[in-house]
Amino acid sequence: MKITMIGTGYVGLVTGTCFAEVGNDVLCLDVDARKIAILAEGGVPIHEPGLEPMIRRNVAAGRLRFTTDVDASVAHGALQFIAVGTPPDEDGSADMKYVIEAARNIGRRMQAAKIVVDKSTVPVGTADRVRDAIAAELAARGARIAFAVASNPEFLKEGAAVEDFMRPDRVVVGADDEHAIATLRHLYQPFMRNHERFLVMDVRSAELTKYAANAMLATRISFMNELANLADGLGADIEMVRQGIGSDPRIGYHFLYPGAGYGGSCFPKDVKALQHTARTQGRPLALLAAVERVNDAQKRVLVDKIVTRLGNDLSGRTIALWGLAFKPNTDDMREAPSRVIVDELGQRGARIVAYDPVAMGEARRIFAQAPQVAFAGSPLAACEGADALVVITEWQEFRSPDFEEIKRRLATPLVFDGRNLYPPAGVRAAGLEYFGIGRP
């Protein structure tokens, strides 16, 4: 199939590349000429395991191309995927201007029938707005050209997006046009060779499904963080509790890990957007408001532990930080707990020496005006002379460190484990004080 992918951000780039991988002819459009230039030269503007070699392979095969030419992009694909950003407005709603402008561009230029697919995470009712925008542009031209609009939300995890797309646990399609449904079913057939995972529903249900999924996952995280903080006060071990409730098949183990709070481009934005939608319907979601409050507070829990141990005035103290990205296997620092922690420690006079396997470039950009932040070339180098080690992101290379070497390098033998990576007894056996999240 000939496919146009409008937007080469995280979702658009992964989706377009994976479609090309199974033989489709994909043209990716972006108005950011710098980004297109990077992609055209073989670079990748985001970090996602497995994505770069897949892009190179499909570019070389001629199945994947990149352009800033809107005319060419509309002419190319019978399927037009809209995968542009929907950043939050001040009131928490999703800013739809890029989605609607993409729809208008299609309506202004289309010369043949199109299936327009909303891939961006969008509020319920967006498909109607996209349909109206295209219809208005066609009417202004006096053109009568058939088109259909469908919703096809993405469920990709950063750090595992390529694997998620190539082996999806479900593909959700919201549409009322039988031809659009059949076309999308055919498009996704190569990804479902083992068993059928293609779920067809009405458009509004598909749009709500994406928000509901992320809201549920965010709720589980905040729930476990609340329990972990209670465990701190009770002297219980949240890891034992996690195993005890996770073994119940009705609950399961996924997203039951307490920590320093959730971040990234999806959960914070989508929780806010769903709350905004609910308020416009006169049905405020009290549970999600609590989820958001808990998460905001959780990003400061490690700072509170540090202050309790070292005092509120951290002038002259150096804190080693392991992990800056909001999760492993990505360089994404949007809404990352590390940003709050660095800011809170810096306000108290601390000097921060940070290390992250992937996100150092992004961190240098974010903290360019923060003289209290320095960067180390390795995890152990960050510990040299520091008064505490704070672990924020659960990268694989942090999971089995040499605790005796860490103790030798630290000026004060303190470890604050924001992801409960380490057994407290093992850390303490090496002569280090250990502070976890909900660990006794």
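Because the structure is a prediction, the values reported are computed rather than measured.

Novice: Please clarify how the overall build of the protein should be interpreted in this entry.
Specialist: Along the protein, the regular secondary structure elements total 18 helices and 14 strands. Compactness check: the protein gives a C-alpha radius of gyration of 24 Å against a globular reference of 22 Å for 440 residues, within 12% of the reference. Taken over the C-alpha atoms alone, the protein extends approximately 75 × 45 × 45 Å along its principal axes. Only carbon and sulfur atoms are counted for the fraction: they give 51% of the accessible area of the protein, which is about 19,000 Å². Averaging the coordinates of the 52 positive side-chain charges in the protein and doing the same for the 55 negative ones gives two points 2 Å apart.

Novice: Mind showing me how you'd approach the side chain of D237 here?
Specialist: Tracing the chain through its elements places D237 in the loop between α9 (203–234) and α10 (238–246). Of the polar contacts made by the side chain of D237, one reaches the backbone nitrogen of E239; its length is 2.9 Å. If sequence neighbours within four positions are ignored, D237 has contacts with G438, R439 and P440.

Novice: Would you explain the packing of aromatic side chains in this entry?
Specialist: Two aromatic rings are characterised by how far apart their centres lie and by the angle between their planes. A full pass over the atoms with the stated rule returns 13 aromatic pairs. Where F165 meets Y188, the ring centres are 6.2 Å apart and the plane angle is 40 degrees; that geometry is what we call tilted. Remark: Y188 occurs in helix α8 (residues 178–188) and F165 occurs in helix α7 (residues 161–166); sequence separation between them is 23 residues. For F165, a relative accessible area of 6% translates into the label buried. Y188 gets classed as buried once you look at its relative accessible area, which sits at 2%. One aromatic cluster is present, formed by F19, F81, F165, Y188 and F191 through successive ring pairs. One residue, R170, lies across the ring of F155, its end atom 3.8 Å from the ring centre.

Novice: Explain α8 to me, please; I cannot follow it from the model alone.
Specialist: Since the α-helix turns once every 3.6 residues, residues separated by three or four places project in the same direction. Of the residues making up α8, those classed as buried are A180, I181, T183, L184, L187 and Y188. All buried residues of α8 fall inside an arc of 165 degrees around its axis, so they share one side. The outward face of α8, more than 90 degrees from its buried face, is lined by the exposed residues E178, H179 and H186. The opening residue of α8 is D177, an N-cap whose side-chain oxygen sits 3.0 Å from the backbone nitrogen of H179.

Novice: It is not clear to me how the pattern of salt bridges should be interpreted in this structure. Could you clarify?
Specialist: Think of it this way: side chains of opposite charge can pair up when their charged atoms draw near. Counted by the stated rule, this structure contains 33 salt bridges. When the shortest N-O distance is used, the salt bridge between E52 and R56 registers 3.0 Å. Taken together, the residues E52 and R56, both in helix α3 (residues 51–60) and 4 residues apart, mark about one turn of the helix. Residue class for R56 comes out partly exposed when judged on its relative accessible area of 45%. Within this structure, E384, E405, R408 and R409 form a network of salt bridges that share partners.

Novice: Can you help me understand the sheet that holds strand β10 (residues 351–355) in this one?
Specialist: Taken in spatial order, the 6 strands of this open sheet run β11-β10-β9-β12-β13-β14, and their pairing is parallel. Every other strand in the sheet has two partners, leaving β11 (373–375) and β14 (433–435) as the edge strands with one partner each. Strand-to-strand twist across the sheet, computed as the mean angle between neighbouring axes with direction ignored, equals 20 degrees. Sitting on the sheet, helix α13 (residues 301–310) touches β9 (318–322), β12 (388–391), β13 (414–417) and β14, and the angle it makes with β13 is about 160 degrees.

Novice: Which parts of the structure should I look at to understand the packing of α13 against helix α14 (residues 337–347)?
Specialist: How two helices sit against one another is set out by the angle between their axes and by the gap between those axes. Between α13 and α14, the least distance of the axes is 9 Å, while the angle of their chain directions is 30 degrees. Considering their axes alone, α13 and α14 lie roughly parallel with respect to each other. Crossing handedness for the pair α13 and α14: right-handed. Mapping the contact onto sequence places L302, V303 and I306 in α13 and I341, E344 and L345 in α14. Of the residues that constitute the contact of α13 with α14, the class distribution is 5 nonpolar, no polar and 1 charged.

The rules we used
Residues numbered from 1 in each chain as written. Predicted model: local features only at pLDDT ≥ 70, side-chain atom pairs only at ≥ 80, totals over all residues. Heavy atoms only, no water. Helix = DSSP H or I, 4+ residues; strand = E, 2+ residues; numbered from the N terminus. Rg over C-alpha atoms; globule rule 2.2 N^0.38 Å. Areas by Shrake-Rupley, 256 points an atom, 1.4 Å probe, with all protein chains shown as cover. Lys, Arg positive; Asp, Glu negative; His and termini not counted. Charge placed at Lys NZ, Arg CZ, Asp CG, Glu CD. Polar contact = N/O pair within 3.5 Å; in protein donor to acceptor, adjacent residues only side chain to side chain. Contact = heavy atoms within 4.5 Å. Phe/Tyr/Trp six-rings, centres within 6.5 Å; stacked < 30°, edge-to-face > 60°. Buried < 20%, exposed > 50% of the residue type's maximum accessible area, 1.4 Å probe, protein only. Lys NZ or Arg CZ within 6 Å of the ring centre and 35° of its normal. Arc of directions from axis to C-beta. Salt bridge = Lys/Arg side-chain N within 4 Å of Asp/Glu carboxyl O. Pairing = 2+ DSSP bridges. Axes fitted to C-alpha atoms, helices over the stretch in contact; angles between N-to-C directions. Parallel < 35°, antiparallel > 145°, perpendicular 65-115°, else oblique. Left-handed = near helix turned anticlockwise from the far one by under 90°. Nonpolar A, V, L, I, M, F, W, Y, C, P; charged D, E, K, R; others polar.

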